[in-house]
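Per-entry structural report
So you can see what is in the structure, the chains are spelled out below.
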Amino acid sequence: MNRSADLTTLEKVWKMGSGAVMKTLQTTPEGLDKNEVNKRLNQFGPNKLRESKKKSIWQILYNQVKSLIILLLAAAAFAAFLYGDTLEGWAIIIVIVINTAIGFFTEFRAVRSMEALHKLGTVETKVRRGGTVVNIDAHDLVPGDIMLFEGGDMITADVRLTEASKLQADESALTGESLPVSKMTEPVDEKTVLAERSSMLYKGTAITRGAGEGVVVATGQNTELGNISSLVETAEEERTPLEDRLNQLAFRLIVLTIFLVVLIAVMGVISGRELLLMVQTAIALAVAAIPEGLPIVATIALAKGMRIMAHNNALVNRLSSVETLGATATIFTDKTGTLTENKMSVAKVFTETMKVSSEQEFRDSNNEINIDIRLLLEIGVLCNNATIDVGREEETGDPLEVALLEAAHKAGIDREKLATEYPEKREEAFDAEVKMMATWNATTEHTYRISVKGAPDTVLDHCIKKVEQGKESSISEADKEKWKRQNQELAADGLRVIALAYRESKTVEGNPYENLVFVGLAALLDPPRNDVKEAIKISKRAGIRVVMVTGDQPETARYIAQSVGITGEEGRVIHGHELSENGMYNDSTLLNTNIFARISPAQKLDLIDLFQSKGEVVAMTGDGVNDAPALKKADIGIAMGKRGTQVAQEASDMVLLDDAFSTIVTAIKQGRIIFRNIRRFVYYLLSCNVSEIMVVGLASFVGAPLPVLPLQILFLNLVTDVFPALALGVGEGDDNIMQKSPRKSGEPILEKHHWLGIGGYGILITVAVLSSLFISLSWLKLSQVESVTISFLTLAFAQLWHVFNMRNTQTTLLHNSVIENYWVWGAIVLCIALILGALYTPPIALVMKLSPPNWNGWIVVSILSLFPLTVGQMVKVWKRSHIK
């Protein structure tokens, strides 16, 4: 009877012989019996990945109300209710509800990466148990099971191979390797990286060719896929820079509000004023200090950015991620399927007489295909098991073989016609040990052409002749060395090279690889996407660094990187071995390297951590399971929508619906525009609010009547502030925005000069409002209600005209992004209508304590409300004339 296996002794099983692994797992080629399977199911659990806790509606809702700005608004509402100002309290609550609703419904479809990960295992698997082959649910696999598989099967657990017949597996989703990899039973060195462990098959990969069997060594969370899911689970989801900046701003507002409220209240009490009056004044100050419209405007501006990006094939999953794109300083990009097409093509063909790099060059001046090129392409078609349907754009089989068929088709060679002319009689399948494949095709009734393709060094070693202009001649050792050097040069350029040869035979028996005639080399490449090079060029102009982080070979990584314009110090490529063995994570060379190859998922996380620790805002692109942890860890995770796995898409902040790298550049541009718009409307809102604080504070300090009452302030904050600010927030931006470097990660929404500007504009508006109050009371001899109405209207219209002060200093008064923004004009018309509606609608006017002014009151309002705009424009004209 089997005894329960001890997985603690199964470390690095790829270095162990298959017999030793089976012995350790207490199993045999006949498989486990039913009782042992049940024991192991109880011991190890089902072959399922741990499911992450689903984010509830309440969690999503909580995410909308946890910011300091919302907490500040809630505190103001509580204070209003506490002291009987019910209208102010409810108005603030309505603001919170509106903002929360917008954010909630926008972010409802939040990422659920773990839900996608655990779905990968829900398939059936063929195993041998008790000597009988059966199909079972993959969830029921246990360590020690004997799994059987063939081309097309999904691998649902980690397996140590015990038998392999011409076996190849597609591991691109797990390792980043673009081509199927050959598998064999022999152990490999214990330091071998994941992508090169030829004696192993891993959960989540697929068999593309051949057949075999092996012993299950890990299930569920103990598999490599399970380890990746754990990395996704433990990778910290970074708060976006916008969230940090808004919270910093809110904290400053809290400090400012508390300071002013306490200062004014204490000074009032000391000077002998009534406590109730000072409480009301404190509430007015609190309302004035808080930009109630800020969260609404920010949320709507970001939502608009999401819609624009979706229209441009960039689907953003997280609202605040829209702005973060604009701060991106480094893009970590995968190679396969992101920079490349994830599809092989014949890049170059070499014969004794020709070296061509495209199908157009296959033909000579008479539009005839060179005889040696035709022979090479015909061998590639005949010695081939793939199929293509050009009309339907459908293809099946090994990508390398598909590429050979496509190259031949472009050269005018009809595969069906050739197969009819030279029918296949026998095939010697590709063998990973022999590294060659051969077919026998009948040329006459009793003669056959043996077509061979395989690894260049191996094929050349079996050749005794070469062909040149259709004529055979002997091949010397010097010739072979020349071709081997050519192979090495092509491989160093990241190309996959195969040699093609043939010989004539009178029989379909015997060894096909004897006395071959060498024809030439075909160099294949997973080509870069057409849009990538220009997108990277634009990124560089915008000060954005692009770093390739791939699981593929160093030579391939270097070639693709350089061909798309990703360059680094002397083309340096850092291998995953170097990171693991030399502990280079703190080495400054990492920060100066743009190409990383054979990188594991854990190493991707470490690299992102390193760059983030240096203040970089990092975006990460990817499409495979192996990219998921890094996509979640990065400031912005960007997944491919067409080629990307669901795991990658669910772990990301943004999905490229067209898989185009150029879409990232478009999204970054939109992110920059949004941040500039956010900065502009925050500048506008706070300069308006500071003026309200100054107006209330100074009036309280000198013992004058409040120029604006708390409910009037709230009305202004929700009407005359919000709509112009919203119009600023949806501006189109400047065309040259991608000509500048990205913002520094620690740069606040408002810098020192912005705060100085806010103070300056606040003083101008305060002077205008207090002057209108003084004129109304002293010169016009109006009542307090009438005078407060005039000061209220002066403040309202001064804030409206102030929106035109938001233009860039280097633009002119009549030609700038503010005055050319039709949303601004619409906002002004709407606000004027709302102000007049409140003034001349008796019930509203009664609640807000407004009294419509006469003609001389309107003259005061008109002149003084234009004062801040006039002075502001004069200052801008002066600055523009003094700025070179």
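Bear in mind the structure is a predicted one, so any value in this text is a computation, not a measurement.

A short note on the overall build of the protein chain
- Each helix and strand counted, the protein chain has 33 helices and 26 strands in total.
- Counting every position in the protein chain, which comprises 884 residues, the buried fraction comes to 55%.
- When contacts within the protein chain are restricted to residue pairs at least 6 apart in sequence, those whose partners lie at least 24 apart make up 72%.
- Accessible surface for the protein chain amounts to roughly 37300 Å². Of this, 56% is attributable to carbon and sulfur atoms.

Let's talk about the nonpolar core
- Within the largest apolar cluster, 128 residues are counted, with the highest numbers of intra-cluster contacts made by Phe 661 and Phe 681.
- Considering each element in turn, this core owes the most residues, 19 residues, to helix H25 (residues 661-702).
- In this structure, Val 349, Met 354, Ala 403 and Leu 405 belong to the second largest nonpolar core, which totals 34 residues.

What about the side chain of Thr 219?
- You can see Thr 219 is positioned in the loop between strand E7 (206-218) and helix H8 (224-234).
- Leaving out residues up to four positions away in the same chain, Thr 219 has contacts with Asn 47, Leu 141, Val 142, Pro 143 and Ala 157.

Some remarks on the packing of H25 against helix H29 (residues 784-802)
- Relative to each other, H25 and H29 sit at 155 degrees, their axes nearing to 10 Å. It follows from the interaxial angle that H25 and H29 lie roughly antiparallel. Seen along the crossing, H25 lies across H29 with a hand that is right-handed. Each of Tyr 684, Ser 687, Cys 688, Ser 691 and Glu 692 in H25 lies in contact with H29, whose residues at this interface are Leu 795, Gln 799, Leu 800 and His 802.
- Tallied by class, residues from the contact of H25 with H29 come to 4 nonpolar, 4 polar and 1 charged.

Some remarks on the pattern of salt bridges
- Taken as a whole and assessed by the stated rule, the structure comprises 19 salt bridges.
- For Arg 374, the salt bridge goes to Glu 378, with nearest N and O atoms at 3.7 Å. A residue pair is termed a helical-turn pair when its members lie 3 or 4 positions apart in one helix, as Arg 374 and Glu 378 do in helix H13 (residues 371-382) at 4 residues.
- Look at Arg 374 and you get partly exposed, because its relative accessible area is 33%.
- Linking Glu 534 and Lys 537 is a salt bridge whose minimum nitrogen-to-oxygen distance equals 3.9 Å. Linking Glu 534 with Lys 537, this pair stays in helix H18 (residues 532-541), spanning 3 residues, or about one helical turn.
- Each of Glu 352, Lys 466, Asp 479 and Lys 482 takes part in a single network of salt bridges with overlapping partners.

Brief notes about a nonpolar patch on the surface
- Taken together, the side chains of Ile 258, Val 262 and Val 266 make up a nonpolar region of the molecular surface, amounting to roughly 250 Å² of accessible area.
- With respect to the secondary-structure elements, Val 266 resides in helix H9 (residues 241-270).
- When its relative accessible area of 42% is taken as the criterion, Val 266 is described as partly exposed.

Looking at the confidence of the model for the protein chain
- Per-residue confidence for the protein chain gives a mean pLDDT of 81; residues scoring 70 or more make up 81%.
- Taken as a whole, residues 109-122 scores under 50 in pLDDT and shows 39 contacts with residues more than four places along the chain or in a different chain.

Things to note about H29
- If you check H29, its first and last C-alpha atoms are 26 Å apart, about what 19 residues at 1.5 Å a residue would give, namely 27 Å.
- Most of H29 sits inside the fold, with 16 of its 19 residues counted as buried.

Looking at the pairing of E7
- Judged by how many residues are buried, E7 sits mostly within the fold: 10 of 13 residues are covered.
- Pairing geometry for strand E3 (residues 146-150) and E7, over 5 bridges, is antiparallel. Considered in E7, the bridge of Phe 149 is made with Gly 212.
- As paired elements, strand E4 (residues 158-170) and E7 share 10 bridges and run antiparallel to each other. The residue bridging Val 159 from the neighbouring strand is Val 216, located in E7.

Scoring rules and cut-offs
Residues numbered from 1 in each chain as written. Predicted model: local features only at pLDDT ≥ 70, side-chain atom pairs only at ≥ 80, totals over all residues. Heavy atoms only, no water. Helix = DSSP H or I, 4+ residues; strand = E, 2+ residues; numbered from the N terminus. Buried < 20%, exposed > 50% of the residue type's maximum accessible area, 1.4 Å probe, protein only. Contact = heavy atoms within 4.5 Å. Areas by Shrake-Rupley, 256 points an atom, 1.4 Å probe, with all protein chains shown as cover. Core = buried A, V, L, I, M, F, W, Y, C linked by side-chain atoms within 4.5 Å. Axes fitted to C-alpha atoms, helices over the stretch in contact; angles between N-to-C directions. Parallel < 35°, antiparallel > 145°, perpendicular 65-115°, else oblique. Left-handed = near helix turned anticlockwise from the far one by under 90°. Nonpolar A, V, L, I, M, F, W, Y, C, P; charged D, E, K, R; others polar. Salt bridge = Lys/Arg side-chain N within 4 Å of Asp/Glu carboxyl O. Patch = residues over 30% accessible without salt bridge, like charges linked within 9 Å, V, L, I, M, F, W, Y side chains within 5 Å. pLDDT = per-residue confidence, 0-100. Expected span 1.5 Å × (residues − 1). Pairing = 2+ DSSP bridges.

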